[in-house]
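Chain by chain, the residues run as shown.
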Amino acid sequence: MTSGVVVSRLTAPGRGAVAVLQVEIYDTADPAIIDRCFVARNGIRAGDAEVNRILYGDWGPEDVVVVRTGRRIWEINCHGGEVAASRITADLVDVSAGIDGSTNSDFATRLQTDLLERLLCCRTQQTARFLLAQQQGVLPNFLSQLSVLESWRTAEALIQQCLSWHRFANHLYSPWQVAIVGQPNAGKSSLLNAIVGYDRSIVFDQPGTTRDLVEADIVLSGWPFRLIDTAGIREQVTNEIETVGVESARQSLQTSDACVLVVDSVMGWTAADAELLHRIPREYPCAVLMNKADLVDRNASAMRNSEREIRVIHTSATNGSGITELAEWVAATLVPEQPSLDQPLPVVAHVAELLQACSQQGSIVPLRVAIGL
Ligand SMILES: Nc1nc2c(ncn2[C@@H]2O[C@H](COP(=O)(O)OP(=O)(O)OP(=O)(O)O)[C@@H](O)[C@H]2O)c(=O)[nH]1
Ligand SMILES: [Mg+2]
């Protein structure tokens, strides 16, 4: 029998006019708990309202409608989007702390809510399968089994294994990002368009065409990726807007998971390309694309760089050659391996933080405290 307060979000996260939260109050918890945060304009307390009574009032600065839909169930309708729903959930978790038996379900509620939110953010069936397995038991079971383990050595090994999937877990609900960088006119925008299959980015035969970052989402081998077309990077910029664009292009290298350096094969491998490659950290996944391969003899355009082992792909945005090879490189580089479906994954930030805290303290106590043991 569950004891305490369970808050579930009934509407999907993201934009929307209205968000609806369901509050179930079980067993020993106080049915008037909502009234600790909510004040109805007509003075009726939500905990005393009859079933199906609609109450309009204030939840701090937020206007909400509270409906009692069952003896121990209420629905709270607030503004859509993330802020109001998260605030109300957090308030309920705060006010229910200390109620007999509620701490345990606070943790379980928050975990379920967070897992459901993550699940709704999945963009592919493949990523959803992993999230669904976590939500349907893998992660909650792992945490409860971990919390009662006697041997810290065993617990530590399990925690480290879980945390080792940190990056993979994060990208199940937010795409891996790949920056497309290079000299102006090398064909970056054309390549983006060739990969996504439509004219997402403006292509023009003059250098300095792309100024802002242009993003496009794709799925490769079942994984979600975001390609980011950037302004051509050059020292001699023509105006202030281009300067800002070049700066964003440089920054995109820091925020992306990988990059492709696009080179105009007609110009060949230049000192400016070498300089750009030199600035990209060695550990950062990067491939060089010798583009416009349709215009040159392949041998004449080879990249020359003895300092670094790097994958070189000959592409043509015009006739599509090399695009499949590029897509395979992206997927294989960023998702080199995947866990089994029953591997617990740190898909929720507060769980990852808890496991890290356990690891730092060399003890399972932080997890036990959070669960309420
Ligand atoms: N033949 C041929 N032309 C290409 C290829 N890729 C791009 N081009 C041409 O090269 C010119 C520049 O292409 P863009 O895609 O705009 O180049 P960019 O790197 O995005 O340029 P900036 O935005 O100015 O940095 C256009 O005229 C394209 O049609 C290719 O693979 N083969
Ligand atoms: Mg461009």
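All values reported here derive from a predicted model rather than from experimental measurement. (Residues numbered from 1 in each chain as written. Chains lettered and ligands numbered in written order. Predicted model: local features only at pLDDT ≥ 70, side-chain atom pairs only at ≥ 80, totals over all residues.)

Novice: A description of the environment of Leu220 should follow, citing residues and the corresponding values.
Specialist: Structurally, the position occupied by Leu220 is in strand E8 (residues 214-220). Here Leu220 falls in the buried class, since 20 other C-beta atoms lie within 10 Å of it. With residues near it in sequence (within four places) discarded, Leu220 still touches Phe225, Ala327, Val330 and Ala331. (Helix = DSSP H or I, 4+ residues; strand = E, 2+ residues; numbered from the N terminus. Buried ≥ 20, exposed ≤ 12 C-beta atoms within 10 Å, placed from the backbone. Contact = placed C-beta atoms within 7 Å.)

Novice: Kindly report on the site of ligand 1, identifying the contributing residues and their values.
Specialist: Around ligand 1, 23 residues are found, and the nearest of them are Gly187, Ser189, Asp205, Thr210 and Gly232. No other element matches helix H6 (residues 188-196), which puts three residues into the shell around ligand 1. (Near = placed C-beta within 6 Å.)

Novice: With reference to specific residues and values, describe the nonpolar core.
Specialist: Within the largest apolar cluster, 38 residues are counted, with the highest numbers of intra-cluster contacts made by Val178, Ile180, Val181, Leu261 and Leu289. Elements that contribute at least two residues to this core include exactly strand E7 (176-182), H6, strand E9 (223-229), helix H7 (240-255), strand E10 (258-264), helix H8 (271-279), strand E11 (286-291) and helix H9 (323-334). (Core = buried A, V, L, I, M, F, W, Y, C linked by C-beta atoms within 7 Å.)

Novice: I'd like a rundown of the sheet that holds E8, residues and numbers included.
Specialist: To summarise the sheet geometry, strands pair through backbone hydrogen bonds and adopt either a parallel or an antiparallel arrangement. Pairing is mixed across the open sheet formed by six strands, whose spatial order is E8-E9-E7-E10-E11-E12. At either end of the open sheet lies a strand with only one pairing partner, and these are E8 and strand E12 (311-314). If you compare each strand with its neighbour and ignore which way they point, the axes differ by 25° on average. Of the strand pairs in this sheet, E7 and E9 are connected by five bridges, and their pairing is parallel. (Pairing = 2+ DSSP bridges. Axes fitted to C-alpha atoms, helices over the stretch in contact; angles between N-to-C directions.)

Novice: Can you explain H6? Please cite residues and give values.
Specialist: Given 3.6 residues to a turn, an α-helix orients residues that are three or four positions apart in the same direction. By the criterion of burial, H6 is predominantly enclosed, with eight of the nine residues buried. Every buried residue of H6 is accounted for by Lys188, Ser189, Ser190, Leu191, Leu192, Asn193, Ala194 and Ile195. Of the surrounding elements, those touching the buried residues of H6 are E7, E8, E9, E10, E11 and H9. Immediately downstream of H6, the backbone of Gly197 shows phi near 85°, a positive value.

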